[in-house]
Amino acid sequence: MIKSKEDNKFGYISLINGSLIEIKGFRNQIRIHDLVKISKYNILGEVIQIFNDRVVAQCYENTFDLELYEKVINLRTPLSMELAPGLLANIFDGIQRPLKDAFEKSNGKGFLNRGFELTPLSRTKKWYFVPKRKISEDVQGGDVIGTVQETKIIEHRIMVPPNISGVLSFIAEEGEYTIIEEIFRIEQNNIEKSFGMLQKWPITEKRPYQELINPSEPLITGIRVVDLLFPVAKGGAVTVPGGFGTGKTVIQQSIAKWCNADVIVFIGCGERGNEIADVLKEFSEIIDPKSGHSLLERTIIFANTSNMPVSAREASIFSGVTIAEYYRDMGYDVAVLADSTSRWAEALREISGLLEEMPVEEGYPAYLASRLSRFYERAGVVKNIGCDASKKEKISSLTIIGSISPPSGDFSEPVTSTTKRFVQAFWALDSRLAYSKHYPAIDWLSSYSNYPEYLSEWWQKRDLHWHEMDIDWNMCRNQINAILSRENDLKNITQLIGETNLPEEQQLTIFIAKLIRNTFLIQNAFDLIDCYTDTKKLIAFIKLILLLDKEGRDLLKQGFILEDIKELEVISKLRRINYTIPNDEFNKISNLKNELFNEINSLKLIYGALEKR
Ligand SMILES: Nc1ncnc2c1ncn2[C@@H]1O[C@H](COP(=O)(O)OP(=O)(O)OP(=O)(O)O)[C@@H](O)[C@H]1O
Ligand SMILES: [Mg+2]
């Protein structure tokens with residue numbers, strides 16, 4: 001009997017192997033990445049292998065209770081994200097099911113039934129659309145044709161989908177529309193196509209841009225050790241490896257809260273469920289000091305629920321980055337925070353094991369590197385396709401910060417060493433620092449960033465010109481690095497002969513290094529003032545420490561002793577700068593500078609008087 005085209009859509013389960021199922025009965029027309037819907041539970045899966053008599057799909061939900069010969073439907077489309085107003089301030093699982101709605105629908109039971117189906121974005125909510133283009137204008141992919149105020153902070157720019165161009169033959173008037181109502185039509189070669197606000201994009205495909213450009217601006221994180229020593233550029237890629245409890249999640253969350261990106265996509269990849277609930281609660285409670293609105297209004301969260309198997313973790317990584325690219329295309333600076341990518345890599349390993357593929361290193365498949373690179377290479381500063389509402393070109397960025405949890409904190413393991421190849425900055429979290437409560441536990445000796453050369457110019461424009469300490473951000477970095485590495489060089493000898501037996505000049509280095517570590521590098525993410533340091537406070541803070549170092553050395557040369565320097569009263573005030581001087585009162589640090597000079601002068605006067613006697 002010849003099967004009809006419709007029949008080709010159906011197959012049946014011929015084998016169940018953990019989260020993988022084998023399907024027989026599909027004829028032709030099945031492609032890698034196509035979605036399938038499995039059994040009466042409507043479990044979603046993705047085709048990952050095709051043989052001539054069967055295909056293999058990985059399921060995004062648990063496969064228990066599935067039976068052989070149950071029906072499978074080929075949906076003939078890859079996993080795609082719905083893109084439209086309504087994404088911000090929302091929380092989705094890896095396959096973009098809206099979790100807030102789902103939890104409400106589960107009557108507060110807190111868990112979701114398998115195969116539950118909800119459209120990612122509301123079809124009935126109305127959004128106020130303002131047209132920005134007129135009928136008969138030529139438009140092309142990426143052009144902003146209208147706007148919707150999606151949240152109080154972020155304007156959603158409705159764009160012509162990529163790969164579409166022509167003449168605008170219809171555009172809706174200003175007013176309220178749902179995301180599925182028609183709002184514009186484009187005519188090309190006598191064919192007219194209709195569009196609503198809702199667009200879709202497959203998660204495995206990069207969204208197109210005109211060209212990649214060099215980064216030139218920092219992503220200001222508010223974390224002092226990062227912004228000064230190991231900065232990340234907007235459009236950069238960074239990894240944060242760290243053993244158990246070393247502070248990965250706290251770093252990711254504080255960047256999500258305070259960094260100067262416009263839009264944040266936070267991907268909790270296989271992390272504990274309650275962490276995600278905490279994130280959601282915290283974000284809604286924190287008010288952005290600049291806009292006065294909840295920080296959730298610029299944030300989209302992806303989270304996997306505990307009843308989803310490992311394959312959903314990979315989906316959440318690529319789903320998150322696809323949505324980030326969509327906001328980037330509107331002209332925004334977007335930051336993607338993925339916590340933690342190890343959970344995702346473990347998922348790849350597990351599935352590869354089920355497929356009986358030949359493992360390469362520690363059980364990870366040979367394609368681990370290509371998967372990681374496919375994720376991190378989606379970062380960058382780009383000149384976008386299309387123009388903004390005033391017909392100017394759009395430049396925007398996508399920054400990726402991914403954490404890694406290497407087993408027993410060993411950075412030579414495959415996920416860390418492979419990720420290192422694809423990122424330009426590496427914030428190594430050190431367990432010893434974490435145990436001694438030095439947070440953020442970013443090790444200043446083994447971390448690095450290749451971005452400073454791109455960012456010096458930006459910082460030069462924001463320098464505080466202190467004639468007593470007229471050095472720029474880059475020179476501050478170099479001097480701080482030099483002091484910290486000298487301290488490290490002196491470590492062995494100090495252990496042998498004791499600190500007090502070193503020459504005073506070396507003791508001063510150790511004293512200043514300790515001051516840097518305990519006041520500048522340590523930062524309490526939970527203190528109202530210390531949680532975020534802006535650029536002005538950062539520069540003033542570090543210059544004051546370097547000034548103390550310089551003046552201290554001068555005093556030693558003039559015959560003063562180290563104790564005189566250590567007893568300067570201004571030092572005890574310097575130690576408290578991080579939690580006593582808010583960002584907008586950074587001028588108080590200049591006052592401390594004046595106090596330092598006054599104290600030194602009176603010290604000199606006293607000594608002068610003593611000598612005369
Ligand atoms: N900057 C910080 N300021 C104050 N406390 C911090 C800071 N960073 C981390 N901590 C403390 O360390 C604890 C563990 O941090 P966190 O949960 O971020 O670690 P993690 O590396 O994500 O752990 P896991 O490996 O379990 O995911 C926090 O609960 C907090 O008490
Ligand atoms: Mg964590």
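Rules of the game
- Residues numbered from 1 in each chain as written.
- Chains lettered and ligands numbered in written order.
- Predicted model: local features only at pLDDT ≥ 70, side-chain atom pairs only at ≥ 80, totals over all residues.
- Near = placed C-beta within 6 Å.
- Domains from an automatic or database assignment.
- Core = buried A, V, L, I, M, F, W, Y, C linked by C-beta atoms within 7 Å.
- Buried ≥ 20, exposed ≤ 12 C-beta atoms within 10 Å, placed from the backbone.
- Helix = DSSP H or I, 4+ residues; strand = E, 2+ residues; numbered from the N terminus.
- Arc of directions from axis to C-beta.
- Contact = placed C-beta atoms within 7 Å.
- Pairing = 2+ DSSP bridges.
- Axes fitted to C-alpha atoms, helices over the stretch in contact; angles between N-to-C directions.
- Nonpolar A, V, L, I, M, F, W, Y, C, P; charged D, E, K, R; others polar.
- Expected span 1.5 Å × (residues − 1).
- Parallel < 35°, antiparallel > 145°, perpendicular 65-115°, else oblique.
- Left-handed = near helix turned anticlockwise from the far one by under 90°.

> Could you give an account of the site of ligand 1, naming the residues involved and the relevant values?
Contacts to ligand 1 come from 15 residues, most closely from Gly-247, Thr-249, Val-250, Tyr-439 and Ala-525. Shared between two domains, the shell around ligand 1 takes at least three residues from each, and those domains are domain 3 (211-449) and domain 4 (467-612).

> Talk me through the nonpolar core; I want residue IDs and the actual numbers.
Core analysis: the biggest nonpolar cluster contains 161 residues, and Val-265, Val-334, Ala-335, Val-336, Leu-337, Trp-427 and Ile-542 have the highest contact counts within it. Of all the elements, helix H13 (residues 535-557) adds the most residues to this core, at ten residues.

> I'd like a description of helix H7 (residues 368-376), backed by residues and values.
Three or more residues of H7 are buried, namely Leu-368, Leu-372, Phe-375 and Tyr-376. Down the axis of H7, the sector holding all buried residues measures 90°, keeping them to one side. On its buried side, H7 packs onto strand E19 (237-241), helix H5 (311-329), helix H6 (341-354), strand E24 (393-404) and helix H8 (414-420).

> Tell me about the sheet that holds strand E6 (residues 71-78), and please be specific about residues and values.
Ordered in space as E1-E2-E5-E4-E3-E6, the six strands form a closed barrel in which the pairing is antiparallel. The average undirected angle you get between the axes of adjacent strands in this sheet is 45°. In this structure, strand E1 (residues 10-17) lies alongside strand E2 (residues 20-24), joined through five bridges in antiparallel fashion. Bridged to Asn-17 within E2 is Leu-20.

> Break down the pairing of strand E12 (residues 155-159) for me, with residues and values.
Taking burial as the measure, the five residues of E12 include four buried ones, the bulk of the element. Across five bridges, the pairing between strand E11 (residues 144-149) and E12 is antiparallel. Bridging across to E12, Val-148 finds its partner in His-156. Where E11 folds back on E12, the antiparallel hairpin that results is connected by five residues.

> Go over the environment of Ile-213 with me, naming the residues and quoting the values.
Note that Ile-213 resides in strand E18 (residues 211-213). Residues within four places of Ile-213 in sequence aside, it is in contact with Val-381, Val-382 and Lys-383.

> Break down the domain arrangement of the chain for me, citing the residues and quoting the values.
Per the domain assignment, the segments of the chain are domain 1 (7-78), domain 2 (123-197), domain 3 (211-449) and domain 4 (467-612). For domain 1 versus domain 3, the distance between C-alpha centres works out to 31 Å. Contact with domain 1, which involves nine residues of that partner, is made by nine residues of domain 3. For the side of domain 1 that touches domain 3, a count of residues per class yields three nonpolar, five polar and one charged.

> Which residues make up H13, and what values do they have?
When the terminal C-alpha atoms of H13 are compared, their 33 Å separation across 23 residues agrees well with the 33 Å that a helix rising 1.5 Å per residue should span. Backbone geometry just after H13 places Gly-559 at a positive phi near 100°.

> Report on the pairing of E24, specifying residues and quantitative values.
Taking burial as the measure, the twelve residues of E24 include ten buried ones, the bulk of the element. Bridge count for E19 against E24 is five bridges, and the pairing is parallel. If you follow Ala-237 over to E24, its bridge partner there is Ile-400. Two strands pair when backbone bridges link them, and strand E22 (residues 333-339) and E24 are joined in this way by six bridges, in the parallel orientation. Considered in E24, the bridge of Asp-333 is made with Ser-397.

> Account for the packing of helix H11 (residues 473-497) against H13, with residues named and values stated.
It is the contact of H11 with H13, at a shortest axis distance of 11 Å, that shows an interaxial angle of 50°. In this view, H11 runs oblique relative to H13, as classed from their interaxial angle. When the axes of H11 and H13 are compared, the crossing they make is left-handed. Of the residues in H13, those touching H11 at Trp-473, Cys-476, Gln-479, Ile-480 and Ile-483 are Ile-539, Ile-542, Lys-543, Leu-546 and Asp-549. Residue classes in the contact of H11 with H13 are distributed as seven nonpolar, one polar and two charged.

> How would you summarise unusual backbone geometry if you had to cite specific residues and measurements?
With an omega of -10°, the peptide bond running from Asp-339 to Ser-340 counts as cis. Relative to the helices and strands, Ser-340 is located in the loop between E22 and H6. Following Tyr-439, the chain continues into Pro-440 via a peptide bond in cis, with omega recorded as -10°. Here Pro-440 lies in the loop between helix H9 (431-435) and strand E26 (448-449). Phi is positive for His-33, close to 80°, though the residue is something other than glycine. The topology assignment puts His-33 in the loop between E2 and strand E3 (34-38). By C-beta crowding, His-33 is classed as partly exposed, having 14 other C-beta atoms within 10 Å. The backbone of Lys-437 shows a phi angle near 65°, a positive value even though the residue is not glycine. Along the polypeptide, Lys-437 turns up in the loop between H9 and E26. Residue class for Lys-437 comes out exposed when judged on the 9 C-beta atoms lying within 10 Å of it.

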